[in-house]
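Observations on the three-dimensional arrangement
Residues per chain are reported as follows:
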Number of protein chains: 6
Amino acid sequence: MPYVNIKVTREGLSSEKKAELIKGVTELLRTTLGKNPATTVVVIDEVDTDNWGIGGEQVTELRKRQ
Amino acid sequence: MPYVNIKVTREGLSSEKKAELIKGVTELLRTTLGKNPATTVVVIDEVDTDNWGIGGEQVTELRKRQ
Amino acid sequence: MPYVNIKVTREGLSSEKKAELIKGVTELLRTTLGKNPATTVVVIDEVDTDNWGIGGEQVTELRKRQ
Amino acid sequence: MPYVNIKVTREGLSSEKKAELIKGVTELLRTTLGKNPATTVVVIDEVDTDNWGIGGEQVTELRKRQ
Amino acid sequence: MPYVNIKVTREGLSSEKKAELIKGVTELLRTTLGKNPATTVVVIDEVDTDNWGIGGEQVTELRKRQ
Amino acid sequence: MPYVNIKVTREGLSSEKKAELIKGVTELLRTTLGKNPATTVVVIDEVDTDNWGIGGEQVTELRKRQ
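Described below are features of the structure shown in this document. (Residues numbered from 1 in each chain as written. Chains lettered and ligands numbered in written order. Predicted model: local features only at pLDDT ≥ 70, side-chain atom pairs only at ≥ 80, totals over all residues. Heavy atoms only, no water.)

1. Some points on helix α1 (residues 15-33) of chain B
Between its first and last C-alpha atoms α1 of chain B spans 27 Å; for 19 residues at 1.5 Å apiece the expected length is 27 Å, and the two agree. Every buried residue of α1 of chain B is listed here: Lys 18, Leu 21, Ile 22, Gly 24, Val 25, Thr 26, Leu 28, Leu 29, Thr 32 and Leu 33 of chain B. Each element contacted by the buried residues of α1 of chain B is listed here: β1 (3-9) and β2 (41-47) of chain B, β1 (3-9) and α1 (15-33) of chain C together with β3 (52-54) and β4 (57-58) of chain D. Directly beyond the C-terminal end of α1 of chain B, a positive phi value near 70° is found at Gly 34 of chain B. (Helix = DSSP H or I, 4+ residues; strand = E, 2+ residues; numbered from the N terminus. Expected span 1.5 Å × (residues − 1). Buried < 20%, exposed > 50% of the residue type's maximum accessible area, 1.4 Å probe, protein only. Contact = heavy atoms within 4.5 Å.)

Pasting the structure below:
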């Protein structure tokens, strides 16, 4: 009955990609730890690039230079 | 001074229901653990059904079959 | 399928009290929001009083004055 | 490589203020704990006042009386 | 730069299994979302079975019947 | 009434350093956002280096090479 929370920056993640991620993580927990997929919960949080900082800087700023 | 985080799928939860939930959890922590309501914090996160997975599947898909 | 995380200071919470809390929160989500108890997950985190701050101060210090 | 999550009520926080907060927390972790800013992650969550409770009451209600 | 938090019950997870899980999740985020492994953070929380509830019951009790 | 959660690797953080961190974050939220220190909550989680991954690798392994 694992609970997995995945936080990524909000940058146009499609519903199909989310489905793929949920399926993949649930499968990984089954193969590595033998966890039951039926009670594995995955929650994806999409965070605005203004609200995510790394290296003391907003991702919004980081993206401008990339 | 407990901190409670409640995550539910975003499916039309009214403000009244949220108030009821906040009041109920705060009261429960007072009656079971003797925690002071004044410093009990409750945060409700509503998560899109596309972003919530159980059994390796998005709740969006699950709801279609229910 | 709600997920609830309850954080309290680590101050001798018995297993019976934890059971009572888990049961109470699960029941509250059923009665207020109609959530299915079977897939309601509750995780209790006990946090050392040295690691919990309120008012800019550790709870350890706060307890000494109470 | 610390991870910091800051939850505040959603009440018009500007992008500039968020940048200031990210910079400040990252700097604080460097000066107090010697943590490397390059791998310090800060995530800010803005929570609707209807979804935040303190003292058993929604912040929305609290704000009306202030 | 995703952040992933995995919560499982504390039931003798070896360091090797944790390493496998960290590697697997990081790789999954690279292949499904194109995320850079270098800044992908994974934190595993092991939770006592007394502190984890499902179906209104502690996992400790659940395990006794399994 | 902000809630701040700081996760760092468990590597001998003293009680004094935790107090300094709690005080510093609370003060930062007051000066940047005007938040009331009295209701600012800070929770520090110390995570075993085996349970923290970056770049697909446990911090335990990373530390051996540093």
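2. Focus: the interface of chain A and chain E
Taken together, the 27 residues of chain A in the interface contact 27 residues of chain E. Summed over both partners, the interface of chain A with chain E buries about 2100 Å², with 74% contributed by carbon and sulfur atoms. At the junction of chain A with chain E, the criterion picks out zero salt bridges. Counting every contact that joins chain A to chain E gives five residue pairs in polar contact (both at pLDDT 80 or more). Mapped by element, the contributors of at least two residues to the side of chain A that touches chain E are β1 (3-9), α1 (15-33), β3 (52-54) and α2 (59-65) of chain A. Here the side of chain A that touches chain E gets nine residues from one element, more than from any other, and that element is α1 of chain A. Residue composition of the side of chain A that touches chain E, grouped by class: 16 nonpolar, five polar and six charged. (Buried area = accessible area lost by both parts, 1.4 Å probe. Salt bridge = Lys/Arg side-chain N within 4 Å of Asp/Glu carboxyl O. Polar contact = N/O pair within 3.5 Å; in protein donor to acceptor, adjacent residues only side chain to side chain. Nonpolar A, V, L, I, M, F, W, Y, C, P; charged D, E, K, R; others polar.)

3. Some details on the side chain of Thr 9 of chain C
Topologically, Thr 9 of chain C is positioned in strand β1. Classification of Thr 9 of chain C by relative accessible area gives buried; the value is 5%. Here the side chain of Thr 9 of chain C touches Glu 11 of chain C through a polar contact of 2.4 Å, side chain to side chain. Apart from the residues lying within four places of it in its own chain, the contact partners of Thr 9 of chain C are Lys 35 of chain B together with Val 47, Thr 49, Trp 52, Val 59 and Arg 63 of chain C.

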